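A structural walkthrough
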Amino acid sequence: MADRKMAEAAASSAGAQVLSVSNLQAWYGESHILHGIDFNVKAGEVVTLLGRNGAGKTTTLKSVMGIIEKRTGSIRFNDTDITRASSDKIARMGVAFCPEERGIFASLDVRENLLLPPIVRPGGLSLDQIFTLFPNLKERLDSQGTKLSGGEQQMLAIARILRTGARFLMLDEPTEGLAPVIIQQIGQTIARLKSEGFTILLVEQNFRFASTVADRYYIVEHGKVIDGFANSELSANMDKLHTYLGV
Amino acid sequence: MQALYAQLLVGLINGSFYALLSLGLAVIFGMLNIINFAHGALYMMGAFCAYFLLNIAGIGYWPALIIAPILVGIFGMILERTMLQRLAGLDHLYGLLLTFGIALIVQGVFQNYFGSSGLPYAIPEELRGGINLGFMFLPIYRGWVVVFSLVVCLATWYLIEKTRLGANLRAATENPTLVRAFGINVPRMITLTYGLGVGLAALAGVLSAPINQVRPLMGADLIIVVFAVVVIGGMGSILGSIITGFSLGVIEGLTKYFYPEASNTVVFVLMVLVLLVKPAGLTGRAA
């Protein structure tokens, strides 16, 4: 817990709190998945939730997004309580979500997939900016969405939420199942978004990847946040981390 | 030969109604996952709506073509908001029972007040008479029904397959949760989709009023065949239901000419054959 205080102290140099979650509990039907999640994300930060499979990381993102219906506790986004808000309302407040399974629509072509999320506020990336970031997409605009390679689908899934003007992005395992060269490209994209002032909440199994982009980490286990530290304290926490993640 | 062409025309007319109705059913099934057994009753309400507009308010055919689908569409959206919405996530059987029940109630109410015989609805003045095409005599109103239905069907197809709004609709059919998490109000979209499907049924009802008269059970008779059309075409396919609707009407017409005894069963025989070979329907994707 002392580590967590230090982490939060380290983070205090960053901007205002964008997301603060306290005692978040969530259920899938009858099964109780989250047992009290506490964490926060400040403006301009990249914060990563680490943890083993089934620890509750994805459920945490989906609860913040309003996708998990049964949730209690407190979720505040830019000082507004969104604990009970519907997911379309949360999205229109400027929260964007890139799901683990990528969620590319088979009945839509690449262009339609890209243009699907509505603009929620001004200041999103233009199509030209997106094609500079992901040149592959421009060549495949008329292909069916799910005909793209895994890497291209991941880029499309990220690209489409950059158009919307949302400044807070939640990315669920963006590197899962991708080739190293693509992972590198996604890492560069995240670094670039961060330098442009986006705030990012990342869920990752790939700890080595996370360490290249994250400012802070939270460890999720059995539906709770059990630890947290800043990237600068990473080497001091390596042993603990190996125990937590079982790697 | 004259008789053959006449039956072909009848086939095309029936095909127009099949297409408009099965198109609405397909759109509704895709989005709400509900097999809308109330569709025939809503078609009948479209025809009655035109009848009321003319005989109570003195509003003629052309305005009725727009007003009736809107009014019946609003009725449909109220049904969706108050009842169908509660069935989300439940087994198909519940939707089937509820919409079948709604159909029986609506038809029962109309039968109570209007009996079972047909009420006349005159062909609008502009569309009376016919043209001699040389090989056959074409009543203008019937030609109008075929052409107008085709235009409406293609416009609906264009709306769903080629526009931004349609892309939202297709995406929400595939993964409503994610579409909602992008900031799109999916529940409202579902209500409007049901309204659109119901509006198409009501439009078919108005078109049919001058041809088939206005009867409380006009939809109940038709809907059985329309469901066979939907099964043949494949549930949820837009273009598939349009093409199947028109073709089955024509096949039925041809059967009436070549082997009249089979004309009432040919659609169902085809349905059996298609189900044996392609259980998901001609254009449907396997679930």
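Right, let's walk through the structure included here. (Residues numbered from 1 in each chain as written. Chains lettered and ligands numbered in written order. Predicted model: local features only at pLDDT ≥ 70, side-chain atom pairs only at ≥ 80, totals over all residues.)

Regarding its fold elements, chain B presents 11 helices and two strands. For chain B, the sequential pattern of α-helices and β-strands runs α-α-α-α-β-β-α-α-α-α-α-α-α. The C-alpha atoms of chain B give a radius of gyration of 19 Å, which matches the 19 Å a tight globule of 287 residues would have. Along the first, second and third principal axes, the C-alpha set of chain B runs to 60 × 50 × 35 Å. When burial is assessed residue by residue, chain B has 49% of its 287 residues classed as buried. By sequence separation, contacts in chain B at least 24 residues apart represent 77% of the contacts at least 6 residues apart. (Helix = DSSP H or I, 4+ residues; strand = E, 2+ residues; numbered from the N terminus. Rg over C-alpha atoms; globule rule 2.2 N^0.38 Å. Buried ≥ 20, exposed ≤ 12 C-beta atoms within 10 Å, placed from the backbone. Contact = placed C-beta atoms within 7 Å.)

All names here are of chain A. Spatial strand order, 6-7-8-3-9-10: six strands in an open sheet with mixed pairing. Across the chains shown, the open sheet's two edge strands, defined by having one partner strand only, are strand 6 (95–98) and strand 10 (224–230). Recorded for the sheet is a direction-independent mean angle of 20° between the axes of neighbouring strands. (Pairing = 2+ DSSP bridges. Axes fitted to C-alpha atoms, helices over the stretch in contact; angles between N-to-C directions.)

All right, on to the interface of chain B and chain A then. In this assembly, 16 residues from chain B lie in contact with 19 residues from chain A. Mapped onto the side of chain B that touches chain A, the elements with two or more residues apiece are helix 6 (164–174) and helix 7 (176–181) of chain B. In terms of residues, the side of chain B that touches chain A owes the most to one element, helix 6 of chain B, which gives six residues. Its residues assigned to classes, the side of chain B that touches chain A shows seven nonpolar, five polar and four charged. (Nonpolar A, V, L, I, M, F, W, Y, C, P; charged D, E, K, R; others polar.)

Let us look at the sheet that holds strand 4 (residues 70–77) of chain A. Adjacent strands of a sheet pair through backbone hydrogen bonds, lying either parallel or antiparallel. All names here are of chain A. Taken in spatial order, the four strands line up as 2-1-4-5 in an open sheet, and their pairing is antiparallel. Both outer strands of the open sheet, strand 2 (31–42) and strand 5 (80–81), are each paired with one neighbouring strand and no more. Relative to strand 2, strand 1 (residues 17–28) runs antiparallel, the two being bridged by nine bridges. Each bridged residue has a counterpart across the sheet, and for Gln17 the counterpart in strand 2 is Lys42. This element, helix 2 (residues 57–64), spans strand 1, strand 2 and strand 4 of the sheet and lies at about 110° to strand 1.

The subject of this paragraph is helix 4 (residues 92–114) of chain B. All names here are of chain B. In a regular helix each residue adds 1.5 Å, so 23 residues correspond to 33 Å; helix 4 covers 33 Å between its end C-alpha atoms and thus fits that length. Within helix 4, the full set of buried residues consists of Gly95, Leu98, Thr99, Ala103, Val106, Gln107 and Phe110. Residues of helix 4 that are buried make contact with helix 2 (39–56) and helix 9 (218–233). Following helix 4 by one or two positions, Gly115 has its phi on the positive side, about 65°. (Expected span 1.5 Å × (residues − 1).)

Residues in a regular strand project their side chains so that they alternate between the two faces of the sheet. All names here are of chain A. Most of strand 8 (residues 199–204) sits inside the fold, with six of its six residues counted as buried. Residue alternation in strand 8 divides its side chains into two sets, Thr199, Leu201 and Val203 and Ile200, Leu202 and Glu204, and both sets are buried. Here strand 3 (residues 46–50) pairs with strand 8 via five bridges, running parallel. Looking at strand 8, one finds that Thr48 is bridged to Leu202. Assessed by its sense of winding, the connection that carries the chain from strand 7 (residues 168–172) through helix 8 (residues 180–195) to strand 8 is right-handed. (Right-handed = clockwise from strand over helix to strand, strands pointing away.)

Residues Val95 and Met170 of chain A together with Leu20, Ala202 and Val226 of chain B are the most contacted members of the largest nonpolar core, which totals 161 residues. Examining the composition of this core, we find that 15 residues originate from one element, helix 1 (residues 2–32) of chain B, more than from any other. In contact with Met170 of chain A, not counting residues within four places along its chain, are Leu61, Val64, Met65, Val95, Phe97, Cys98 and Leu201 of chain A. (Core = buried A, V, L, I, M, F, W, Y, C linked by C-beta atoms within 7 Å.)

Residues and elements named next belong to chain B. Running from amino to carboxyl end, helix 1 crosses helix 5 (residues 140–162) at an angle of 30°, the nearest separation of the two axes being 9 Å. With respect to helix 5, the axis of helix 1 lies roughly parallel. As for how helix 1 packs across helix 5, the hand of that crossing is left-handed. Between helix 1 and helix 5, the residues in contact are Leu9, Leu12, Ile13, Ser16, Ala19, Leu20 and Leu23 and Arg142, Val145, Val146, Ser149, Val152, Cys153 and Thr156, respectively. For the contact of helix 1 with helix 5, the residue count by class is 10 nonpolar, three polar and one charged. (Parallel < 35°, antiparallel > 145°, perpendicular 65-115°, else oblique. Left-handed = near helix turned anticlockwise from the far one by under 90°.)

No statement about biological role is implied by the geometric values presented.
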